[in-house]
Structures are given as C-alpha cells and as structure tokens.
2 protein chains.
Amino acid sequence: MSVSERFDTSVGPEYPRGFRAGGLNCGLKASGKPDLAMIWAEGGLRVFGAFTRNCVFAAPVQVCRERLEWGGKFRGVVANSGNANACTGEQGLCDAREMATLAERATGSEEGSFLVCSTGVIGHPLDMSLLRAGIPKLGAALVAGEKTEVPFQRAIMTTDTRPKNFGLELEFAGGRVRIAGCCKGAGMIHPDMATLLAFVTTDLELPQSFEPEFKAIVDDSFNSITVDGDTSTNDTALLFSGNGSGLSYEQLGLEEQGRFREALFSLFAELAKGIVRDGEGATKFVEFQVRQAESRAQARRLGRFVANSKLVKTAIFGNDPNWGRILSSLGSAGEKIDPAKTVIRFDDVVIFASGEPTHPPMEELRRIVGGKEFAIRIELGLGSAQADVWTCDLSYEYVKINAEYTT
Amino acid sequence: MSVSERFDTSVGPEYPRGFRAGGLNCGLKASGKPDLAMIWAEGGLRVFGAFTRNCVFAAPVQVCRERLEWGGKFRGVVANSGNANACTGEQGLCDAREMATLAERATGSEEGSFLVCSTGVIGHPLDMSLLRAGIPKLGAALVAGEKTEVPFQRAIMTTDTRPKNFGLELEFAGGRVRIAGCCKGAGMIHPDMATLLAFVTTDLELPQSFEPEFKAIVDDSFNSITVDGDTSTNDTALLFSGNGSGLSYEQLGLEEQGRFREALFSLFAELAKGIVRDGEGATKFVEFQVRQAESRAQARRLGRFVANSKLVKTAIFGNDPNWGRILSSLGSAGEKIDPAKTVIRFDDVVIFASGEPTHPPMEELRRIVGGKEFAIRIELGLGSAQADVWTCDLSYEYVKINAEYTT
C-alpha cells in the first residue's frame, strides 16, 4: 500500500482534536524564511521524548530532558530553525528556558508546561530580541484560533527540500482516533544543520506505561536510518498525547491497541524514510534487511554499520551490485559472523551463499541496483532476530555540499 | 627530520643481510604488470604477524595464521597481486597452500617454512597454472642470486601509484643492524583491492618474547591510519627476523634496544603514512592528535572515529576549519566526553575551549587547513593517555573512483 493511500499528507500536528499548531518568520533566518513554530493544546498533554545520544547536546535538549524527568502535564512545544542554540554555554541554557517561558505566557499555560527545540547553525547565541517579539505573536495566534503565516512543518525546515508531514485516522468501537506528525532533517546536506526533529501528536490518551512502546517505535524508525553516521547535537523526537478523542489507550481492546501501535509505528517509519528520501545528495533509497541474527541489537548494529560504509554507499551510487564490499563490511563490524552461513540478496536475487559468489545474471542485478529504491537482504544464519535499516547512497553531490558549506 | 634523512628509500626487504627478495610478472594481471613477489632467506627466520580483524578473511590469511601458530622457523614468503584469493571456499585454501609449497620446493626450503599473501579482486579462483610456472622461476632466481624482473615492492602493488619502501642501518657497540620494509595499499582507490600488505625484514635476531613489542608497534602504525573505515579481507603485516648481523636483541644494551625499537616503529609509521599519502583521491594528510584521554584505547577509538567521519573528512577537503563537526563527531563516538573540558586546535591555534568557540582569526585558520598536511589536536581533559591517527580527506575523486569501479 502506498503512503498516499494510508496517510493524509495535507495535515500536520494540529490534525488530532485539541491541538493547534503553526509557524511564522521571526527574523532568525537571513533568508526571511519561516523560523518559528509552535504546538499548543487547550488541555494537558502527556509527552514522550527521545533525544540525541551525542555527549555534545544542545541547551534545548537539556531543558527538554529536565522537564520530562520532572514529569507532570505539558501544554506544547516551541521550536525555532536557523540557530541550534548548541555550544552556547550557560547563556544558551538561559535562552532555551526563556523561549519556553515566553511561549507559556503567550498561551496562558502553566509554568514549566512547554518544551523547546532548536535547529540550525551551532556555536552562535540566539538573538532573543527576535524571539521576544515572535513567540508572543505566534502564541496569541494559536490561542485565538487564527491561521498562522505557515504550517508548523514549514517553519521547522532548514535544508529540507520539502515539508514531511502525515496524518491518519483510526476507527475503533468507541470512536475515532487521530495521529499526525511531521519531521525535519535531510542528513545529506549542510549536516551542521541537519538535526532531526520529529513531532507527533495524537488525541488518544496514552498512559505513562506506554513509554517502552514509544522507545521501541523510535528505535525501529528514527534509529533505523543512517545517512552519514554522525548524530546531531539537537536530535529530538516528541510524542504528544491529549484526550481530544475522548478515548484512552487502556479502554481499547487488545486488537485495537495493536492497530494503534502499528499505525503509530507506520507514521514514525514514514517520517524517518522521508528524511532519507529528502537527502539532496541522495539518488537512491536502500533498505538493508538483516535477517537470522542472534539478537535485534546485533541485527541493527550490523545493518547500520554496512549501510554506513563509504565503500558500500559509493558502490550503490555507481549502480554496482558489489557483494564483496557488503560482505567485507559485515566482517569488519565487530560482530562475529560466519561467511559460510551468510546469504546476500539484491531484492530477491541471491548473489552470495555458501561462502562463494553465486554468479546470477548480471543484467538482472543491474536492473535492480539501477532502480531508485531496492532492498539488500543479509541472512546471517545465526538466529532468528531481524532489523531493517534505511539509507541512501553517497554521491558527488554529498561531497560537494559538505565540502562547500563552511562555518 | 625528514624521511630522506633517516631512511634510504632505494632499498627494499633484501637490504638486511641474509635476505633476498624480488618480483616478476607471471600473468595474473591482464595489464602485464608485475604480480608475483618473494622474500627468501638462506637461514631460518623468526616471523611476527598481524592480520585483518575482519571475520571475512582470505585463504592466505588463514594459512599464515595456522603456520605462525604452529611456530617453528620460516624461510620466506610468496605474495601475488591481482587476485586476493578471498571468498574462494575450500579451493582457495588448497591454492594458498600450494603457493607456499611451490615456493618451498623452488628454494629448497623445509616444508611449511613459507608464508603466503594475496591481494587483488575477491571472489575469483586463482589461476594456478600461471603460479605453477611463475613461482619456480622466481624462487630459482633468488636462490641463484640473480636480479629479478622488478624489485619485490613493485610486484605487490595494485592501485598504489608508487612503491613504498624504506631501509635504515643502526650502529651498535657490537656491530651494525639493518631494518627494511615495504608495503602496498592505497585505501582511497578501488578499495576491493586495497589490501594492506607490509613486509619488514631485519638482520637482528629477535626473541619470541618480542611479540608484544611487535603488536604495540603495529597498533601505533598500521592500526592508526584510517582511510575509509573499512578493513580488507587480506590485511597482513609480517616482520621477519634473521641473524645476518651476527647480533641478537638480547645482546644489545638497554639503550640500544630502545633505539632499535624506536627505529622499527619509525619505519612502520613511515610505511603506514605512505599508504595514507598515496590515496589517489586524497588531497590532504591530517594527523589527529588525541590527548588527555582516559586510556590509550579510548584515545585511539576517538581518533579513528573522528578521522573516519564523512562530515569531518569532507570539511577538510573543503578547507573548512569546522570545529562543530569535530566536536559533534567526538560526542557521538560512544565514549563519554565532556565538551566543557574539551579543547580543539588546528595546529597550534585553539578554536574551541570551555564549551564555546574561541573565534581565532579566520585567515590564520584558513592558512592551516588550506595546507597539504596539518594536525588537529583534541585535548579531552579526562586523563593522560594519547594516540595519533593519520587520515586523508574525502574528495570527489574518492566517490568517482569507488562508484565507477565495478566488480
């Protein structure tokens, strides 16, 4: 089933009932493009968060982590693009907290009920005078129910070539539930600004015990993509749960809970794939399917390692079904694999098995790797765990963009 | 001191007394370039070996490992280029053993006294008929003391643009000792063929207890370079010790032993740097100096991770002193670092300290990163361990070569 059949690509985080969202330009970006975004809910929200594992993390990430640890109900998030507020010292922390405070005041929300995200260049202090004007204006518009300059998903973009937003509605016995979300990130270009930010909202009330489900979904979506192997200082994924549907997760039947989890995962996965597909330097989208691993962690580690290999990625760019590079990369990933048990396929075509190449028809292979999207399946013969990793190729454009962009 | 002052670049593995070495073309390479090489010694040799850590390793690597484990004295090594004899199954193992046997017979050496190395394309069986003609011819020439078609170091080249060979002589109270060596590998180009092979000979008799010294020297030289982070199926470094000087390591004074170890390390380091400098896609040579780490292992791991980052490497190619990418890469390496304690320098110029950029004069930075060789020093403030890692940049040429080369 294609995305367009399952998801409504015309809606953003405001789609679930009870949420408002929007964006505008407050002047942080010299280009005059939108750079300020806000989600606000009339009622209290439960929020689940996942953040960059980078030891070097930005001030807004620290503020979000602290607030989520304290717990309690939330009312929304304010996000800016154009400046990451990273490597900005104590001043950066003060600025991030002030952004949240400005949003809370503008929307009449409780103190400490807003989260904050930033994306953009690092090492520069935020121009707070612009935010002190912009945030009250945006907050007031949301509270008044006015249409904002641009949708939320446009105002968080940096080097993204297009907004990435999806929504869907589920029908349960007790009523309808909506999920929607958007993300920014394009990995391949200007990666100093390539923070991954994702915002997902739902009007189904989720219990705190949903946390492990959320972590698993993030692992299988955003943590399953790799563009260049580097993580950003600002990566953040937030799931906001309100009660606009009048339904709670615990009220759903087991089958309904499963459908909700599956839909939520599909939405996260589609957002994650959207980031890989939006790499400007990227010419191909490749799914590495690691199968028969000892553990899920091993499968993901191997998938990420191979998907991240410069030799494998350049071969894909060159339409080269180079099993040798894939096998060699697998072998150097620090996991114990057995080449004699390993099978490598391009889509359905086996190219390596029993320790030797199988010499399938070259034209068939070339047709597969010549395509825009294909799968490389790696069967390890070690166990029954599996993982998928999504990546793109490594092109001239990648080098050009990353070499020519300067601080 | 420059290399030319310390090392004689006109000699190869035959320089230490008691060794003979040479090469010829036996027809494995369609180009007609030299592809067969041999080192042979009249007397018994002690051999120290280090091999690829890749789980996917070639047949000759397995044969070398087995023979070194069995121990005993050795007489030499036979190596071919043009075919890696990797992923060739049981037949590949038989072929590797037969290569050694052919060399033993041709030189009248004991059974099991030869080692074997291969480098070239993977997944293709060796053409043994060519080796059955070539090895006896080359062995006979060495035994007869005849000049061979080409020096050893030329016959092991694949995509190398030049041979990499160095020799030096040390004067001790008891006499003179010679060390010489050569290597092949160019990492940046046709990496399927970019096996690292290194052969070092010395006429100083070394005890078996020298093994830990050898491992440490390999770690600080060949394991301290990174071109693209992938390891080959065939990487091999061998140190051959004979007694042509009439001296043994144990006879040397403590200071003399230190000088020998230092000279041996310098030679290994120079061979390793030669591989980085010979990357055809490479336009710059960069030394990452990791200082104040908790342990040597941590320092090397961080150095390799950052040196291997696509974002850092493309920034270097673009003459961009991008401290943000370096810091962010450090943070995502899986080691606990503290940005507030971290100092980053380009040569002597501090660019990041106390958690913030220091804004040194841009023209000074551009002069440094615009050069062909410079150092990036990372002080972690965590301890007193250190490591150097040598690498090159990531250029258009790298993508071009690796995308256009097909199996």
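Analysis parameters
- Residues numbered from 1 in each chain as written.
- Chains lettered and ligands numbered in written order.
- Predicted model: local features only at pLDDT ≥ 70, side-chain atom pairs only at ≥ 80, totals over all residues.
- Helix = DSSP H or I, 4+ residues; strand = E, 2+ residues; numbered from the N terminus.
- Rg over C-alpha atoms; globule rule 2.2 N^0.38 Å.
- Buried ≥ 20, exposed ≤ 12 C-beta atoms within 10 Å, placed from the backbone.
- Pairing = 2+ DSSP bridges.
- Core = buried A, V, L, I, M, F, W, Y, C linked by C-beta atoms within 7 Å.
- Contact = placed C-beta atoms within 7 Å.
- Axes fitted to C-alpha atoms, helices over the stretch in contact; angles between N-to-C directions.
- pLDDT = per-residue confidence, 0-100.
- Expected span 1.5 Å × (residues − 1).

**Observations concerning the overall build of chain A**
- The helix and strand tally for chain A stands at 12 helices and 15 strands.
- In terms of overall size, chain A behaves like a compact globule, its C-alpha atoms giving a radius of gyration of 22 Å where 407 residues would be expected to give roughly 22 Å.
- In terms of principal-axis extent, the alpha carbons of chain A reach across some 65 × 55 × 35 Å.
- Classification of the 407 residues of chain A by burial places 59% in the buried group.

**A word on the sheet that holds strand S15 (residues 385-392) of chain B**
Residue and element names in this part refer to chain B.
- One open sheet holds the seven strands; their spatial order is S8-S15-S10-S14-S11-S12-S13, and the pairing between them is mixed. Looking along the sheet, the strands with just one partner apiece sit at the ends: strand S8 (225-226) and strand S13 (356-357).
- For strand S11 (residues 343-346) and strand S14 (residues 373-379), the ladder comprises four bridges, and the chain directions are antiparallel. Bridge pairing in S14 places Arg345 opposite Arg377.

**Some remarks on unusual backbone geometry**
Residue and element names in this part refer to chain A.
- One non-glycine residue, Asn85, lies in the positive phi region at around 45 degrees.
- You can see Asn85 is positioned in the loop between strand S3 (74-83) and helix H3 (89-107).
- The exposure class of Asn85 is buried, given the 30 C-beta atoms found within 10 Å.
- Positive phi, normally seen in glycine, also occurs at Asn319, with a value near 55 degrees.
- Structurally, Asn319 can be placed in the loop between helix H9 (310-317) and helix H10 (323-331).

**Section: the pairing of strand S15 (residues 385-392) of chain A**
Residues and elements named next belong to chain A.
- For S15, the tally of buried residues reaches six of eight residues, placing the bulk of the element in the interior.
- The pairing of strand S8 (residues 225-226) with S15 spans two bridges and is classified as parallel. Following the sheet pairing, Ile225 is matched in S15 by Trp390.
- With seven bridges joining them, strand S10 (residues 285-293) and S15 adopt antiparallel strand pairing. Residue pairing across strands places Val286 opposite Thr391, the latter belonging to S15.

**Examining the nonpolar core**
- By size, the foremost hydrophobic cluster in this structure holds 243 residues, and its most contacted members are Val77, Val78 and Val116 of chain A together with Val77, Val78 and Val116 of chain B.
- Setting aside anything within four residues of it in sequence, one finds Val116 of chain A in contact with Pro60, Val63, Cys64, Val77, Val78, Ala96, Met99 and Ala100 of chain A.

**Looking at the sheet that holds S10 of chain A**
Residues and elements named next belong to chain A.
- Spatial ordering of the open sheet is given by S8-S15-S10-S14-S11-S12-S13, a layout of seven strands whose pairing is mixed. The sheet is open, and its two edges are formed by S8 and strand S13 (356-357), each paired on a single side.
- Of the pairings in the sheet, the one linking strand S12 (residues 349-353) to S13 comprises two bridges and is antiparallel in character. When the bridges of S13 are listed, Ala353 appears paired with Glu356.
- Against the sheet, helix H8 (residues 296-307) makes contact with S8, S10 and S15, and its axis sits at roughly 20 degrees relative to S15, the strand it touches most.

**Some remarks on the pairing of S3 of chain A**
Residue and element names in this part refer to chain A.
- In terms of residue burial, S3 counts as a mostly covered element, since 10 of its 10 residues are buried.
- Two strands pair when backbone bridges link them, and strand S2 (residues 36-51) and S3 are joined in this way by six bridges, in the antiparallel orientation. Pairing of Ala37 across the sheet is with Ala79, part of S3.

**Focus: the confidence of the model for chain A**
Residues and elements named next belong to chain A.
- Here chain A averages 91 in pLDDT, and 94% of its residues register 70 or above.
- Every residue in residues 188-193 is under pLDDT 50, and counting partners more than four places away or in other chains gives 29 contacts.
- What the predictor reports for the complex is a pTM of 0.81 with an ipTM of 0.76.

**A closer look at helix H3 (residues 89-107) of chain B**
Residue and element names in this part refer to chain B.
- For H3, with 19 residues, the first-to-last C-alpha span of 28 Å sits near the 27 Å given by 1.5 Å per residue.
- Buried within H3 are the following residues: Gly92, Asp95, Ala96, Met99, Ala100, Leu102, Ala103, Glu104, Ala106 and Thr107.
- Tucked inside the fold, the buried residues of H3 contact strand S2 (36-51), helix H2 (59-70), strand S3 (74-83), strand S4 (114-121) and helix H4 (128-144).
- Positive phi appears at Gly108, one or two residues downstream of H3, with a value of about 65 degrees.

**Here we look at the environment of Leu68 of chain B**
- With respect to the helices, strands and loops of the structure, Leu68 of chain B is situated in helix H2.
- With sequence-adjacent residues up to four places away left out, Leu68 of chain B is seen in contact with Val47 and Gly49 of chain B.

**Regarding the environment of Thr314 of chain A**
All names here are of chain A.
- Within the fold, Thr314 resides in helix H9.
- For Thr314, a count of 27 C-beta atoms within 10 Å puts it in the buried group.
- A C-alpha to C-alpha distance of 6.3 Å links Thr314 and Asp393, two positions 79 residues apart in sequence.

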